[in-house]
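Descriptive structure summary
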Amino acid sequence: MFYGDLAEVKSEIHIPDVEPAAFLILLKYMYSDEIDLEADTVLATLYAAKKYIVPALAKACVNFLETSLEAKNACVLLSQSRLFEEPELTQRCWEVIDAQAEMALRSEGFCEIDWQTLEIIVTREALNTKEAVVFEAVLNWAEAECKRQGLPVTPRNKRHVLGPALYLVRIPTMTLEEFANGAAQSDILTLEETHNIFLWYTAANKPLLDFPLTKRKGLAPQRCHRFQSSAYRSNQWRYRGRCDSIQFAVDRRVFIAGLGLYGSSSGKAEYSVKIELKRLGVVLAQNLTKFVSDGSSNTFSVWFEHPVQVEQDTFYTASAVLDGSELSYFGQEGMTEVQCGKVTFQFQCSSDSTNGTGVQGGQIPELIFYA
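Residues numbered from 1 in each chain as written. Predicted model: local features only at pLDDT ≥ 70, side-chain atom pairs only at ≥ 80, totals over all residues. Heavy atoms only, no water.

As annotated in an unreviewed UniProt entry, the chain carries the name BTB/POZ domain-containing protein 6 isoform X2 and comes from Ceratotherium simum simum. In the Subcellular location (unreviewed entry) part of its UniProt record, the chain is described as follows: "Cytoplasm". (UniProt positions renumbered as here; feature names shortened; annotations may be inferred.)

The structure is reproduced here in structure tokens:
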């Protein structure tokens, strides 16, 4: 463009497709080897680095995007990573979108993606959310697309901009109640489609539908079990409304979905429980709920409302406060390091623990996660 046989002959060269701020970052890198990236210019910088074949700057942009990746921007970054042909970033985006599907689909960023990206997300088998959430997200995208195209936001126009993507939503896998309260009242389906779907739910002779009938597989939760055995003794361990807590770190990004807890050692019992996940004292997630234990030494799953993204090589604190039958099972022969598939968990004692739980023994036997 500037030198050699293909150089432009004009004294001033206009580059209309690159933002000035991004071009400045490119020039600074080429003259000084310094890279100054910011969230609002990094995508434009990646474009410039790709256009002018500066692989080191492009790699720095991708690394920056990976570290800032979260549910609210994962769909936009997926769209961009496909455009820029960055398979590693694409894979990282899918990890976030699959595990935190509800948050990703309800983000503003989801409404900004192109139609092809919408299509591949809605086709995705591993999306870990209810189909009613997928349908709602698709409608939100259609509304935004109507506005982008300058069309009135009407059911007919929404259907027009969605095109065949509407038939990728697995409407028949919703519960009857979810369909009746949501999709059936959205006005985007024809009367015949609505009628046939109701018949499909209820009639012995089911009509043919244009929507996929099989439920998404979602993600299978994995469990990190930190004790080698469990026990109970009448004078040993009690739930007394105190905090059981443990610190952990992982060697790659995972999504903590909940905790596996021990229940009563003296028959069936109901517990009210508050679980928390913290990093540096800041609460990232919590849930106040109930669970019933059956008197066995099994663990009982208690879930956070949404899976929480946990970064590698950083310690987090998992806590549980239980009220209910005091006598409980407890873990023994705890391990400081546990290998779960491709993820290694490290455990250490937490100063929040006021009920005796530590690395060697106690409560919170399991961390439930997606990876």
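With that settled, consider the sheet that holds strand β12 (residues 366–370). If you trace the four strands from one edge of the open sheet to the other, you get β1-β12-β4-β7, paired in antiparallel fashion. A single partner strand is all that each edge strand has here, and the edge strands are β1 (222–225) and β7 (299–310). Between one strand axis and the next, the sheet turns by 25 degrees as a mean value, whatever way the strands run. Summarising the sheet, β1 and β12 pair through four bridges and their orientation is antiparallel. Across the sheet, Q222 pairs through a bridge with F369, a residue of β12. (Pairing = 2+ DSSP bridges. Helix = DSSP H or I, 4+ residues; strand = E, 2+ residues; numbered from the N terminus. Axes fitted to C-alpha atoms, helices over the stretch in contact; angles between N-to-C directions.)

Judged by nonpolar contacts, the single largest core of 70 residues is most densely connected at F110, L118, I121, F135 and I171. If you tally residues by element for this core, the top one is helix α8 (residues 131–148), at nine residues. Once you skip the residues sitting within four places of it in the chain, I121 turns out to touch C75, L78, W94, L105, F110, I113, L127 and R216. Among the nonpolar cores identified, the runner-up in size contains 37 residues, and V273, V308, V359 and F369 belong to it. (Core = buried A, V, L, I, M, F, W, Y, C linked by side-chain atoms within 4.5 Å. Buried < 20%, exposed > 50% of the residue type's maximum accessible area, 1.4 Å probe, protein only. Contact = heavy atoms within 4.5 Å.)

Tracing the chain through its elements places S229 in strand β2 (residues 227–231). Sequence separation between S229 and F330 is 101 residues; the distance between their C-alpha atoms is 8.7 Å. The contact partners of S229, leaving out residues within four places of it in the chain, are Y262, F330, G331, Q332 and E333.

With that settled, consider the UniProt feature "domain: BTB" (unreviewed entry) in the chain. Mapped onto this numbering, the UniProt entry gives "domain: BTB" (unreviewed entry) at residues 1–39. A distance of 28 Å separates the end C-alpha atoms of residues 1–39, which is 33% helix and 0% strand.

Turning next to the packing of aromatic side chains. Both the distance between ring centres and the angle between the ring planes are used here to describe each pair of aromatic rings. On inspection of all chains with the given rule, the structure shows 14 aromatic pairs. Relative to Y201, the ring of F179 has its centre 5.7 Å away and its plane inclined at 40 degrees; by these criteria the two rings are tilted. Of this pair, F179 sits in helix α10 (residues 176–181) while Y201 is found in helix α11 (residues 191–202), placing the two residues 22 residues apart along the sequence. Exposure remark for Y201: the relative accessible area of 18% places this residue in the buried category. A ring pair is formed by F345 and F347, whose centres lie 6.3 Å apart and whose planes are at 10 degrees; its orientation type is stacked. (Phe/Tyr/Trp six-rings, centres within 6.5 Å; stacked < 30°, edge-to-face > 60°.)

Our next topic: helix α3 (residues 55–67). Between its first and last C-alpha, α3 extends 18 Å over 13 residues, near the 18 Å set by a 1.5 Å rise per residue. For α3, every residue scored as buried is listed here: L57, A58, A60, C61, V62, L65 and E66. For α3, the elements touching its buried residues are α1 (20–32), α2 (42–51), α4 (71–83) and α5 (87–99). (Expected span 1.5 Å × (residues − 1).)

Bridge count for strand β5 (residues 269–279) against strand β6 (residues 282–293) is 11 bridges, and the pairing is antiparallel. Opposite V273, over in β6, you have T289 as the bridge partner. Relative to strand β8 (residues 316–323), β5 runs antiparallel, the two sharing seven bridges. Across the sheet, residue S272 finds its bridge partner in β8, namely D323.

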